Structure formats: C-alpha cells, structure tokens
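One letter stands for each residue in the lines below.
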Amino acid sequence: IRLHFHALVRGLTAQSASKAQLGLGHSYSRAKVKFNVNRVDNMIIQSISLLDQLDKDINTFSMRVREWYGYHFPELIKIVSENYTYCRLAKFIGNRKELSEESLEGLEEIVMDGAKAQAILEASRSSMGMDISPIDLINIESFSSRVISLSEYRKGLQEYLRSKMSQVAPSLSALIGEVVGARLISHAGSLTNLAKYPASTVQILGAEKALFRALKTRGNTPKYGLIFHSTFIGRAAVKNKGRISRYLANKCTIASRIDCFSG
C-alpha cells in the first residue's frame, strides 16, 4: 500500500504522507497509553516511596531531638516513648524549671493522660538534667517544630494515598489494605504489570533475595513477600501462614486484574 499510495490517492506528496504517518503514530501511542487522569498509578508509587522515606527521616530526627533535649530533661524519655508526642512536649516545655501547675492543662492536652502529665511535672522538679542556655533551647524548639510538621504532613500524605488507592485500585485496597496494595503496585512498577503477574509471583514479590538464595542453596523457598504485612497473615496460625499467603496472592491477582482491566 505504501509503495502505490501516491497512485491510489491523488495529490498526495511525500511531505504530507510523512505528516500523516507521524499523526498516525501519535494517535496509536496515545491510545496505547490510555491516559485517564483518575487512574494514574504513578502517583501511588511516588507517595508510597515518600511515605517510607518520611518514616525513616522522622525516626532519625526524633532520635536527634531525644538526645539533644535529653541532656536537659532525661526523665522525659522514660515517661513518653512516642516520637511525635515527645517532640511536641519538648517544644511545649522548653526550660523544665519554668514548668508549674499552670502548665498541667497544656501537658494533659498533648499526652491525653492526666497521670502522665502529673508524672512529667513531678519529674521536672527533681530532674538530674543539666541547665540549658536560651539560645540552645530556641534551636531545639525550632528543630522540634520541623519534626512535628513533617509528622503532620505524613498523616496528610497517608490520607491522600488512601483516597488515591480507592480511585485507582478499589478492589485491591479493599482486600489487603491501601498500604500493602500500594507497595505491591510500586514493586511491580505499575498496576498493569501487577495484573499481568501470576499469583505465585505476587505471593513472593519483595522476597526476591530470599528466593534466589534458597534456589542457590537448594533450601526452602520463601512463602511470602510484601503480602506478609496483610492482617490476614498476621492473624493466621504459624502452620497456616503459607497456605493463607498462597490463597491471598490468588485473590490479589484477581483483584488487581479487575481494577486494571474493568472499564
């Protein structure tokens, strides 16, 4: 057809033919991409990676705040173990010598526990921590604020991921939860890739290292990868974990195919 095209279509020059070919190529590619704004799994992959990164960073920064503020008020670490709450307290208390009965209400609001707030107040009176200069306190407080804002942003991001997953992969997230579903999509590279995998591959996604080690040493191959974080496997008895993970991988494959290919 291409050879005799100029004879078949009158007035067709080589230039307009190449333009037509280019246009056809573009429309073919566009149809292949099937760009639906609501079904973009790329955003899910980015947000789950960012969530993991934020978890690491918040942990590291919180440890820094603990060490930094611990010189001044070491007893607080034993009373409050949760990172976010600790940073809020460090910012609220500042110099422990200025804590008084008036601060009790503010403390209670942060820790949500009257007994704990009282314990913090008593510990501040008999603390063995060293004195701290105002400039150091300002530094600690500003860094605590950063950690607090990061933690709050993380909460917002989790909500965004939840809403995005319910748009892109509702069946998968209903089955194994948004976070595990997002991790599977991220590991596979896209929802389409995940849908193309057989159930046996989905079952051990994320455990490739263990799989190749087992094949090399002829040991037992892993029973589960990323889907281990699902509540179904957590609740199962030890002897049933392998069976449940195989069954769950089966259902995940079906769910991801429904999400990917149903119009």
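Residues numbered from 1 in each chain as written. Predicted model: local features only at pLDDT ≥ 70, side-chain atom pairs only at ≥ 80, totals over all residues. Heavy atoms only, no water.

Enquirer: Kindly report on the layout of surface pockets, identifying the contributing residues and their values.
Expert: Considering only enclosed or pocket space, the second largest pocket measures out at about 210 Å³ in volume. In terms of lining, the second largest pocket is formed by Ile1, Arg2, Phe5, His6, Leu12, Thr13, Ala14, Ala17, Ala20, Gln21 and Leu24. Within the residue set of the lining of the second largest pocket, elements represented by two or more residues are α1 (5-8) and α2 (14-33). It is α2 that contributes the most residues to the lining of the second largest pocket, five residues altogether. (1 Å grid on protein atoms, 1.4 Å probe; cavity = no way out; pocket = protein on both sides within 12 Å on 5 of 7 lines; lining within 4 Å. Points joined across faces, edges and corners; volume = space filled by probe spheres on them. Helix = DSSP H or I, 4+ residues; strand = E, 2+ residues; numbered from the N terminus.)

Enquirer: Quick rundown of helix α6 (residues 104-111)? Include the residues and the values.
Expert: Restricting attention to buried positions, one finds in α6 the residues Leu104, Gly106, Leu107, Ile110 and Val111. For α6, the angular spread of the buried residues around the axis is 160 degrees, confining them to a single face. Those residues of α6 that are exposed and angled more than 90 degrees off the buried face are Glu105 and Glu109. Structurally, α6 contributes buried residues whose contacts are with α5 (83-93) and α7 (114-125). Of the residues one or two after α6, Met112 is the one with positive phi, at around 60 degrees. (Buried < 20%, exposed > 50% of the residue type's maximum accessible area, 1.4 Å probe, protein only. Arc of directions from axis to C-beta. Contact = heavy atoms within 4.5 Å.)

Enquirer: Any chance you could break down the packing of aromatic side chains for me, citing the residues and the numbers?
Expert: For the structure on display, the rule yields four aromatic pairs. Judged by centre distance (5.6 Å) and plane angle (65 degrees), the ring pair of Phe61 and Phe143 falls under edge-to-face. Of the two residues, Phe61 is situated in helix α3 (residues 42-70) and Phe143 in helix α8 (residues 134-168); the sequence distance between them amounts to 82 residues. Judged by relative accessible area, which is 31%, Phe61 ranks as partly exposed. When the ring of Tyr224 is compared with that of Phe228, the centres are 4.8 Å apart and the planes differ by 35 degrees; the resulting orientation is tilted. Judged by its relative accessible area of 26%, Tyr224 falls in the partly exposed class. Joined through ring pairs, the aromatic side chains of Phe61, Trp68 and Phe143 make up one cluster. Above the plane of the ring of Tyr86 lies Arg66, whose end atom (NZ or CZ) is 4.9 Å from the centre. (Phe/Tyr/Trp six-rings, centres within 6.5 Å; stacked < 30°, edge-to-face > 60°. Lys NZ or Arg CZ within 6 Å of the ring centre and 35° of its normal.)

Enquirer: Describe the domain arrangement of the protein, naming the residues involved and giving the relevant values.
Expert: Taken domain by domain, the protein comprises domain 1 (45-158) and domain 2 (169-262). For domain 1 versus domain 2, the separation of C-alpha centres amounts to 38 Å. On the side of domain 2, seven residues touch domain 1, which itself brings five residues to the contact. When residues of domain 1 are sorted by the area they lose upon contact with domain 2, Ile45, Ile48 and Asp52 head the list and together hold 85% of the total. Our count for the domain 1 to domain 2 interface comes out at one salt bridge. The salt bridge partner of Asp52 is Arg183, with a shortest N-O separation of 2.4 Å. (Domains from an automatic or database assignment. Buried area = accessible area lost by both parts, 1.4 Å probe. Salt bridge = Lys/Arg side-chain N within 4 Å of Asp/Glu carboxyl O.)

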